[in-house]
Every structure is written in C-alpha cells, then in structure tokens.
Amino acid sequence: MKTEARAVLEQWDRDHVWHPFTPMQSYAAEPPLIIARGHGCFLVDIDGREYLDGVSSLWCNVHGHCQPELDEAIRRQLEQVAHCTLLGQANVPSILLARKLVELAPPGLTRVFYSDDGATAVEVALKMAFQYWRQCAHPRPEKTRYLALHGAYHGDTLGDVSVGDIGRFHELFAPLLFSTVRAPNHHCYRCPVGLERSSCRIDCADVLANLVREHADSLAAVVIEPLLQGAAGMIPAPAGYLKRLREVTRETGVLLIADEVAVGFGRTGSMFACSQEEVTPDFLCLAKGLTGGYLPLAATLTTDEIYGAFLGRPEEGKTFFHGHTYTGNPLGAAVALANLELLENSVLAGLPEKIERLRGHLERMKELPWVGDVRQQGMMAGVELVQDQASKRGFPSAWRVGQCVCREARDHGVLLRPLGDVIVLMPPLAIDLSLLDRLCDVLYNVLQHLAPEPDRPSKT
Ligand SMILES: *Cc1c(COP(=O)(O)O)cnc(C)c1O
C-alpha cells in the first residue's frame with residue numbers, strides 16, 4: 001500500500017478504534033498490524049506481508065480464510081435474503097442448521113436457541129436454567145446459584161463474568177456480579193489438591209462432586225468448559241472428569257451447562273467435546289467455530305425437558321423473554337451449514353494425524369529453557385513459560401514475556417496471541433502437516449533464543 005494511504009489508516013485506527021482486550025497505550029506506541037485480506041491459513045497485511053494464522057483468528061477459524069465453499073454459501077444466501085428477524089417467524093437456513101446441530105449433538109439435545117456470540121450463548125443458558133427452576137413441574141425457586149471452576153472463562157457479559165474467574169478481567173466488576181460457588185480446577189501442572197497426575201485418582205473431581213452435593217439445594221446449574229479450560233491457560237481435564245461431573249449433577253438434581261464455545265466443532269478431535277465422555281449436558285453452548293470463523297452466530301442447545309417448562313398460554317408468563325436483533329441470521333446459518341458439511345466430510349477424519357504431529361512438536365518444546373509445561377487437547381495447545389522450571393515460578397507479569405514471544409513470532413510470519421505467559425497454538429483445523437510444522441518450528445526457534453527481560457518501559 002502507498003505510504004500516505006497506510007499513514008492515514010494507521011492514524012484513523014489510533015484516533016478512533018478502541019481494540020478489545022488491548023492495552024491501548026502500548027498498542028498505540030507501535031505501528032499497528034492492519035490486515036487487508038486472507039487466503040487459506042494465511043492473513044495478509046496492507047503491505048502484502050503474509051502471516052500464518054496460528055490461533056485461528058482467536059480460536060474460531062476452521063477451514064482457513066476465503067475458503068471457496070464457505071464464500072459460495074454466503075453468496076448464494078445473499079441472493080435470497082441477508083437478514084430478517086427470528087422473533088415470532090422463521091427463516092430457511094436457521095431451520096436447516098437447527099436440524100443439523102441436533103443430529104450432530106449428544107443425544108437428547110433437541111432444541112436450539114440462537115444468539116450472536118459465545119458470551120450470549122452462555123448467558124442464555126444461565127437465564128434458561130434460572131427460569132426453568134421457577135416454572136418446571138415441581139418448582140424449586142430457591143435454586144438460583146451457579147457453580148463454576150477457578151479460572152473459568154465464559155464470556156464478557158455480566159452474567160458470564162459472574163460465573164467466570166479470570167482475576168485480571170473480572171475483579172474490577174465484582175460489585176456488579178452475583179456470587180458463584182467456586183470449585184478448584186483440574187490444573188495438573190499446579191494441582192490445587194497438591195497431587196501428581198501420574199498417581200492421582202482425579203481427586204479434584206471428588207472435591208468438585210462434594211461441593212455440588214453440599215450446595216445442590218441452592219444450585220440452578222454447574223457451568224463447565226468440557227475437556228479443556230481455555231482462557232485459564234489451556235488446561236486439559238483428566239479423562240473421566242466430565243463424566244463424573246455429569247453423574248453427580250444428575251444424582252443431585254443440578255443442571256449442567258457445557259460451554260463448548262472454544263472446544264466445539266472438532267477442536268478436541270471429535271465434533272463436540274462432551275461426546276468423548278458420552279455426556280449429554282442440559283445445555284450445550286456453541287459459537288466460535290460454528291460458522292467456520294466467518295460470521296458471528298451462536299447457539300444454545302437444550303432438551304425437551306427444559307423446553308417443556310417454558311410452554312403455556314402467553315398470559316401464564318412462561319415465555320423466555322430474551323433475544324437479539326440478529327438472532328438466527330440467515331447468512332450466518334448458511335455459512336454454518338457449509339462449515340459443518342466440510343467438517344464432517346473432509347476435516348474430522350484428518351485430525352488424528354495432525355493431533356499426533358502437534359504432540360510431537362510439543363514434546364520437543366518441553367526440553368527448551370523457560371518452558372515449564374506443555375498442554376494439549378486435540379488441536380488446542382498451550383506452552384507455559386516460567387522463570388524457574390523447578391519451582392514453577394512464573395515471570396513477573398510486567399515483563400509481558402508471553403507478549404514478547406508472540407511479537408517475535410510475528411516478525412517471523414506467524415500470528416500468535418498469548419494467555420499471560422502461556423503461548424497458545426490453535427491453527428485452523430484444515431491446516432496441512434507442513435504448515436503445522438512451520439508454525440511449531442517458528443515458535444520453537446523463538447523460544448530457543450528467548451532472553452527474557454523486563455518489558456522496556458518506553459514501549460508503554
Ligand atoms: C471465547 C469464549 C467465550 C466467549 O465467546 P465470545 O464469542 O468471545 O463472546 C465463552 N466461553 C468460552 C469457553 C470461550 O472460549
């Protein structure tokens with residue numbers, strides 16, 4: 001791009017765009033990365049520099065950018081209608097997509113409520129669970145609370161932040177939030193019950209089960225990220241953990257909300273994470289990968305049992321009074337259908353080989369200095385950097401080591417985004433083995449030459 005045109009864009013970005021989750025003062029101190037287009041697993045900036053999209057444009061891209069079938073699905077739908085409301089009326093793609101989601105989801109999830117993003121998908125489940133206990137066959141209006149894990153992330157609406165537990169995001173808003181029962185998470189590297197994964201019997205699941213039993217009378221639901229806590233730092237759950245949670249919630253009459261916003265649609269190797277432990281939750285929250293990373297669309301799936309509690313004559317007031325302007329958007333639903341077809345017919349089968357390849361790369365990284373732990377669940381991985389491997393002591397957060405690593409990777413043509421000092425690897429599922437190698441080799445080389453130092457104050 002011409003120097004003057006670039007200068008104008010940079011200036012207007014600085015002057016007007018407030019970026020999400022971004023310390024704006026540091027951001028404005030450097031020339032911004034401005035993406036102009038994409039193809040396959042690459043994004044291209046306004047100067048034509050190409051970058052491998054190592055985190056799937058924030059965990060949502062599935063088949064790469066400008067994927068011909070997905071582009072075509074949107075074009076075809078565009079010739080019909082771009083948007084019309086789902087309040088009191090239907091549209092073709094959203095019906096077909098609901099049917100498809102029900103077919104793919106764990107058995108028993110038959111009702112689909114659309115919204116726009118992960119945060120709203122979870123918010124919907126929280127509100128439905130609450131309302132369910134007021135109007136089910138044997139009402140339990142005292143069941144008004146939720147249980148969630150330490151380090152949980154479920155989105156940024158105030159309901160989601162209440163069940164979430166990421167200190168640096170959520171602490172400030174504490175006075176606005178409802179209180180949540182908190183259980184230790186399944187963090188094997190920093191075990192909350194002081195055990196070693198090789199010899200433990202998933203004792204953290206017992207602690208969780210006991211908390212569910214203890215609070216069952218006041219709990220509307222337990223909210224969980226099945227198989228892997230994402231924003232907490234890519235923390236996989238031991239096998240069997242989810243199944244045990246399902247058993248205890250059934251036994252005690254507490255609803256289970258599975259937030260598969262990050263892990264759904266093939267990320268863990270199967271279409272949905274819950275299926276790996278043969279779990280049917282009461283609510284399945286879906287977003288990120290639903291449209292292949294193309295358009296904002298989300299869905300909350302639930303059972304006939306829950307749905308039935310909302311039926312009645314209008315004046316009985318059992319209606320779920322919740323919705324969004326763009327709920328069930330036809331363009332989003334059309335591209336979601338194309339995404340699911342590709343996933344089922346060509347991508348899922350290739351995942352085991354990619355997952356193994358990623359595993360091999362992570363094993364190699366484990367040997368590097370500063371690498372405390374490597375963690376993986378399917379095509380999602382985290383490399384945790386620490387100042388001291390023996391004590392697992394992290395770097396001072398002001399050093400922003402994770403940020404520096406990702407900045408360095410960008411200079412080598414790879415886009416990454418850390419979670420604190422955990423470097424996330426989450427490429428589009430359609431990535432081929434040679435690009436997966438390239439992605440991991442770049443990170444390996446950056447880590448190999450890493451010389452951590454305090455973040456230079458001039459930058460901030
Ligand atoms: C990203 C994420 C959300 C929030 O989704 P948005 O689309 O960003 O609102 C909720 N839950 C989990 C587990 C996530 O990873």
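Below is a short write-up of the structure.

Quick notes on the rules
Residues numbered from 1 in each chain as written. Predicted model: local features only at pLDDT ≥ 70, side-chain atom pairs only at ≥ 80, totals over all residues. Heavy atoms only, no water. Helix = DSSP H or I, 4+ residues; strand = E, 2+ residues; numbered from the N terminus. Phe/Tyr/Trp six-rings, centres within 6.5 Å; stacked < 30°, edge-to-face > 60°. Buried < 20%, exposed > 50% of the residue type's maximum accessible area, 1.4 Å probe, protein only. Lys NZ or Arg CZ within 6 Å of the ring centre and 35° of its normal. Expected span 1.5 Å × (residues − 1). Polar contact = N/O pair within 3.5 Å; in protein donor to acceptor, adjacent residues only side chain to side chain. Near = heavy atom within 4 Å. Areas by Shrake-Rupley, 256 points an atom, 1.4 Å probe, with all protein chains shown as cover. Nonpolar A, V, L, I, M, F, W, Y, C, P; charged D, E, K, R; others polar.

### Concerning the environment of Val81
Secondary-structure assignment places Val81 in the loop between α4 (68–78) and α5 (92–104). Sequence separation of Val81 and Asn91 is 10 residues, and the distance between their C-alpha atoms is 9.4 Å.

### Topic: the packing of aromatic side chains
The tally for this structure, following the rule as stated, stands at seven aromatic pairs. Where Tyr132 meets Trp133, the ring centres are 5.0 Å apart and the plane angle is 75°; that geometry is what we call edge-to-face. Residue class for Tyr132 comes out buried when judged on its relative accessible area of 7%. A ring pair is formed by Tyr146 and Phe178, whose centres lie 5.7 Å apart and whose planes are at 40°; its orientation type is tilted. With a gap of 32 residues between them, Tyr146 in strand β5 (residues 145–149) and Phe178 in the loop between α8 (167–170) and β6 (181–183) connect regions that are remote in the sequence. Relative accessible area serves as the criterion here: at 4%, Tyr146 is assigned to the buried category. Given a relative accessible area of 36%, Phe178 falls into the partly exposed group. Directly above the ring of Tyr307 sits Arg111, whose terminal nitrogen or CZ lies 3.9 Å from the centroid. Here the basic side chain of Lys143 rests over the ring of Trp133, its NZ or CZ set 4.6 Å away from the ring centre.

### Section: α5
Given a rise of 1.5 Å per residue, 13 residues ought to cover 18 Å, and the 19 Å separating the end C-alpha atoms of α5 matches this to within 8%. One side-chain oxygen of the residue at the start of α5 lies 3.1 Å from the amide nitrogen of Ser94, identifying that residue as Asn91.

### A short note on the site of the ligand
Around the ligand, the structure places Trp59, Asp117, Gly118, Ala119, Tyr153, His154, Gly155, Glu225, Asp259, Val261, Ala262 and Lys288. Residue Ala119 places a main-chain N or O atom 2.8 Å away from an oxygen atom belonging to the ligand. Residue Asp259 places a side-chain N or O atom 2.7 Å away from a nitrogen atom belonging to the ligand. Compared with its free state, where it exposes 380 Å², the ligand has 82% of that area covered by protein. Tallied by class, residues from the shell around the ligand come to five nonpolar, three polar and four charged.

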